[in-house]
Amino acid sequence: RILTEGVWTGWEWRTLVPVSTNAMGGIFVGQVTKYAGGVKKGFCIVFGILITSVLQKVVYGKEISGRTWTAMPLVVGSIVLHSLFPASKLKSD
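Quick look at the structure, then. Everything numeric here is computed off the predicted structure, so don't read it as measured data.

## Considerations on the packing of aromatic side chains
Going through the model one piece at a time under the given rule, you end up with one aromatic pair. With centroids separated by 4.9 Å and ring planes inclined at 85 degrees, the aromatic side chains of Trp8 and Trp11 adopt a geometry described as edge-to-face.

As structure tokens, then:
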């Protein structure tokens, strides 16, 4: 179908909304990784998942899984430890 009708067949202006928001999200993730580092990005991703789980409980009444309850203190603890004791930079000769 692409060969006969073209790549943009079936696209409407509304189709650009998820495509553009996904593209912008990718750019933002790249910038966060560039300036904050991969470890902080990982913390943000996991923390975002935990916030989403709590909001699903509050808004929709969906139960929080046992894995999420186990992950919450581990994530908070790892963020605190990383903040209190940041990794030292290696000296290059």
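## Points about a nonpolar patch on the surface
Taken together, the side chains of Phe47, Ile51, Val54, Leu55, Val58, Val59, Tyr60, Val76, Val80, Leu81, Leu84 and Phe85 present a nonpolar region at the surface, about 1200 Å² in accessible area. When contributions to the nonpolar patch are tallied by element, the ones reaching two or more residues are helix H3 (38–60) and helix H4 (66–84). It is H3 that contributes the most residues to the nonpolar patch, seven residues altogether. Checked against the element boundaries, Leu84 lands in helix H4. Looking at Leu84, the relative accessible area reads 57%, which means it is exposed.

Here is what the cut-offs are and how they apply
- Residues numbered from 1 in each chain as written.
- Predicted model: local features only at pLDDT ≥ 70, side-chain atom pairs only at ≥ 80, totals over all residues.
- Heavy atoms only, no water.
- Phe/Tyr/Trp six-rings, centres within 6.5 Å; stacked < 30°, edge-to-face > 60°.
- Patch = residues over 30% accessible without salt bridge, like charges linked within 9 Å, V, L, I, M, F, W, Y side chains within 5 Å.
- Areas by Shrake-Rupley, 256 points an atom, 1.4 Å probe, with all protein chains shown as cover.
- Salt bridge = Lys/Arg side-chain N within 4 Å of Asp/Glu carboxyl O.
- Helix = DSSP H or I, 4+ residues; strand = E, 2+ residues; numbered from the N terminus.
- Buried < 20%, exposed > 50% of the residue type's maximum accessible area, 1.4 Å probe, protein only.

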